[in-house]
Amino acid sequence: MKCSNCGKEIRVGSVYCEHCGKEAMIVSDYNVLEDEVLQSLLEDDDAFAKRQAALKRKQEEIDKQNAEKENDEPNKTGNAFLDKIWNVKKNRIIFIVACVVLVLFIAAIIFFTSFRFKMIQGSNLDSKAKYDSAIEVYKEALEKRKDSVEARVALGKDYIITEQYDKAEEILLEALNLDKESIDVYKALIVLYTATNDTEKLQELENNAPNSTIKKLFDTTVVTAPKASVKGGKYGEDQEVKLVCDDDSTIYYTLDGTTPDKVSGKLYSGPIKIEGGNTTLKAIAYNKDAEKSIVTTEKYQIDYEAPDYPTVSPGSGHYDTPTTIRITTGVEGAKIFYTWDGSIPTPSSEMYYGPIDIPEGNNVLSVIVVDKHGMSSNVFRANYEYTP
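Residues numbered from 1 in each chain as written. Predicted model: local features only at pLDDT ≥ 70, side-chain atom pairs only at ≥ 80, totals over all residues. Heavy atoms only, no water.

Student: Sorry, what's going on with the overall build of the protein chain here?
Tutor: Check the secondary structure of the protein chain and you find 10 helices and 17 strands. Counting every position in the protein chain, which comprises 388 residues, the buried fraction comes to 31%. At a minimum sequence separation of 6, the contacts of the protein chain that also span at least 24 residues come to 51%. With an accessible surface of roughly 25300 Å², the protein chain has 52% of that area assigned to carbon and sulfur atoms. (Helix = DSSP H or I, 4+ residues; strand = E, 2+ residues; numbered from the N terminus. Buried < 20%, exposed > 50% of the residue type's maximum accessible area, 1.4 Å probe, protein only. Contact = heavy atoms within 4.5 Å. Areas by Shrake-Rupley, 256 points an atom, 1.4 Å probe, with all protein chains shown as cover.)

Student: Hey, could you run me through the nonpolar core in this one?
Tutor: Leu189 and Leu205 are the most contacted members of the largest nonpolar core, which has 36 residues in total. Sorting the residues of this core by element identifies helix H4 (115–127), helix H5 (131–144), helix H6 (149–161), helix H7 (165–178), helix H8 (183–195) and helix H10 (212–217) as the ones contributing at least two each. No other element matches the 8 residues that H8 contributes to this core. Here Leu205 is in contact with Leu176, Tyr186, Leu189, Ile190, Tyr193 and Phe218, once residues within four sequence places are set aside. (Core = buried A, V, L, I, M, F, W, Y, C linked by side-chain atoms within 4.5 Å.)

Student: Just to check I follow, could you spell out the pairing of strand E9 (residues 296–302) for this structure?
Tutor: Side chains Thr296, Glu298, Tyr300 and Ile302 project from E9 onto a buried face, and the interleaved Thr297, Lys299 and Gln301 project onto a face without burial. With 3 bridges connecting them, strand E2 (residues 233–235) and E9 associate as parallel partners. In the strand pairing of E9, Gly233 is matched with Tyr300. The pairing of strand E8 (residues 277–286) with E9 spans 7 bridges and is classified as antiparallel. Each residue of the ladder has a partner; that of Gly277, found in E9, is Ile302. (Pairing = 2+ DSSP bridges.)

Student: Help me understand the packing of H7 against H8, please; the structure alone is not making it clear to me.
Tutor: Packed helix pairs are specified by the crossing angle of their axes together with the interaxial distance, meaning the distance between the axes. Contact pair H7 / H8: the axes reach a minimum separation of 10 Å and the direction vectors enclose 155°. It follows that H7 is roughly antiparallel to H8 by the angle criterion. The two elements H7 and H8 meet at a crossing, and its hand is left-handed. Contact residues: Tyr165, Ala168, Glu169, Leu172, Leu173, Ala175 and Leu176 in H7; Val185, Tyr186, Ala188, Leu189, Leu192, Tyr193 and Ala195 in H8. Across the contact of H7 with H8, the residue classes break down as 13 nonpolar, no polar and 1 charged. (Axes fitted to C-alpha atoms, helices over the stretch in contact; angles between N-to-C directions. Parallel < 35°, antiparallel > 145°, perpendicular 65-115°, else oblique. Left-handed = near helix turned anticlockwise from the far one by under 90°. Nonpolar A, V, L, I, M, F, W, Y, C, P; charged D, E, K, R; others polar.)

Student: Before we go on, may I ask you to explain the pattern of salt bridges in this structure?
Tutor: If the charged atoms of two oppositely charged side chains come close together, the side chains can form a pair. Throughout the structure, instances matching the rule amount to 11 salt bridges. With a shortest N-O distance of 4.0 Å, Asp198 and Lys201 are connected by a salt bridge. By relative accessible area, which is 22% here, Asp198 ends up partly exposed. A cluster of three or more residues bridged by salt bridges with shared partners is formed by Glu169, Asp198 and Lys201. (Salt bridge = Lys/Arg side-chain N within 4 Å of Asp/Glu carboxyl O.)

Student: Looking at this model, I keep getting lost on the confidence of the model for the protein chain. Mind explaining?
Tutor: Any residue range with low pLDDT should be treated as having predicted coordinates unsuitable for detailed reading. For the protein chain, mean pLDDT is 83; residues scoring 70 or higher make up 81% of the total. Taken together, the stretch residues 26–34 has pLDDT below 50 and engages in 9 contacts with residues farther than four places along the chain or on a different chain. (pLDDT = per-residue confidence, 0-100.)

Student: Just to check I follow, could you spell out the sheet that holds strand E11 (residues 317–319) for this structure?
Tutor: Paired through their backbone hydrogen bonds, the strands of a sheet run either parallel or antiparallel. The sheet built from 5 strands is open, its strands ordered E11-E17-E16-E13-E14 with mixed pairing. Each end of this open sheet is capped by a strand with a single partner; those strands are E11 and strand E14 (350–351). Both strand E13 (residues 335–339) and E14 contribute to a ladder of 2 bridges, which runs antiparallel. Looking at E14, one finds that Tyr338 is bridged to Glu350.

Student: Can you walk me through the packing of aromatic side chains in this structure?
Tutor: Remark: the centre distance and the inter-plane angle together describe each pair of aromatic rings, the angle taken between the planes. With the rule as written, the count across this model stands at 5 aromatic pairs. Here the aromatic rings of Trp340 and Tyr384 are separated by 6.0 Å at their centres, their planes lie at 70°, and the arrangement is edge-to-face. Highlighted residues: Trp340 in the loop between E13 and E14 and Tyr384 in strand E17 (residues 380–386), separated in sequence by 44 residues. Classification of Tyr384 as buried rests on a relative accessible area of 0%. Within the aromatic cluster, the residues linked to one another by ring pairs are Tyr319, Trp340 and Tyr384. (Phe/Tyr/Trp six-rings, centres within 6.5 Å; stacked < 30°, edge-to-face > 60°.)

Student: What should I look at first to understand the side chain of Asp158 in this one?
Tutor: Mapping Asp158 onto the fold places it in helix H6. Those residues in contact with Asp158 that lie beyond four places of it in its chain are Asp126, Tyr131, Ala134, Ile135 and Tyr138.

So this is what it looks like as structure tokens:
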């Protein structure tokens with residue numbers, strides 16, 4: 001401790017300074033640095049307190065705003081539990097998204113069962129030549145909109161393509177009664193009556209045309225259907241069929257009975273060979289504007305006939321001089337097989353290439369003719385006795 005008068009050290013507890021004799025005023029050691037640190041701590045405490053107070057005020061404001069918002073938020077359901085769920089923002093977002101998804105789902109169901117979707121579906125089937133399936137879809141469309149001319153025309157066209165002419169006429173006349181000035185209806189009926197070669201109904205249709213625009217449709221060239229050079233029927237040999245049109249149309253055909261088009265049909269480029277069995281040839285023509293004709297249909301039944309006996313010369317008999325035998329057939333492309341031991345010849349037997357000598361002794365010549373289709377004649381037999 002130090003005296004406040006003289007500044008010298010005095011003993012702790014002394015009343016008077018032993019150096020100057022005056023009453024001692026005791027002062028602790030003073031350090032400027034300690035004072036600055038103390039001041040800094042006091043200032044930090046004050047700043048901390050201010051920050052705490054500011055945070056408290058901010059929290060109070062937020063709590064007040066939330067309370068006001070909750071008071072302003074009306075009850076959505078009248079149920080406290082549901083209202084509590086609704087008041088959570090995340091729950092509201094989930095609910096809104098679910099509602100949007102549900103609306104879209106319902107809209108999709110409505111569209112995919114709608115008249116318009118059925119018409120689109122039928123058109124897609126037509127583009128793939130699936131006409132029977134398209135017919136069923138167009139019927140469903142017609143159920144959706146019973147007075148639709150559009151559906152009737154589409155249905156009538158497919159009936160024409162599939163050669164259901166009576167049904168085509170019935171449905172197209174219904175369409176004509178609904179709209180007597182429909183160009184599409186008249187076009188379809190013109191194709192129908194041209195396909196069935198019903199000139200009387202075609203003329204009547206033209207006479208009743210309601211205006212000049214529709215009358216001009218009858219002047220428009222209808223795409224000519226292909227014609228087959230060989231008519232359908234029963235034949236005993238393969239047939240070579242040519243397809244021709246009166247114009248420069250492109251022809252597509254099938255041989256399995258399906259309706260041809262540019263996708264499913266084979267492009268015609270030359271004569272078609274119709275071979276054994278039953279074959280249904282169908283052909284269609286497209287003009288330069290991609291308009292198509294009706295379908296030409298020809299059915300062929302090719303039943304091959306077995307070739308006749310061969311001609312053998314000389315015939316059976318007794319010979320005492322060397323003699324050769326000649327065998328001929330009038331079947332083009334046929335082969336001749338023979339045996340001398342009495343067995344029935346087969347394509348594995350000796351083939352006839354030219355005159356053969358009668359062997360010595362008593363022998364039976366057996367001969368067959370096998371045509372290009374593998375059909376075999378009955379066995380021709382002749383007995384030759386040669387004794388030199």
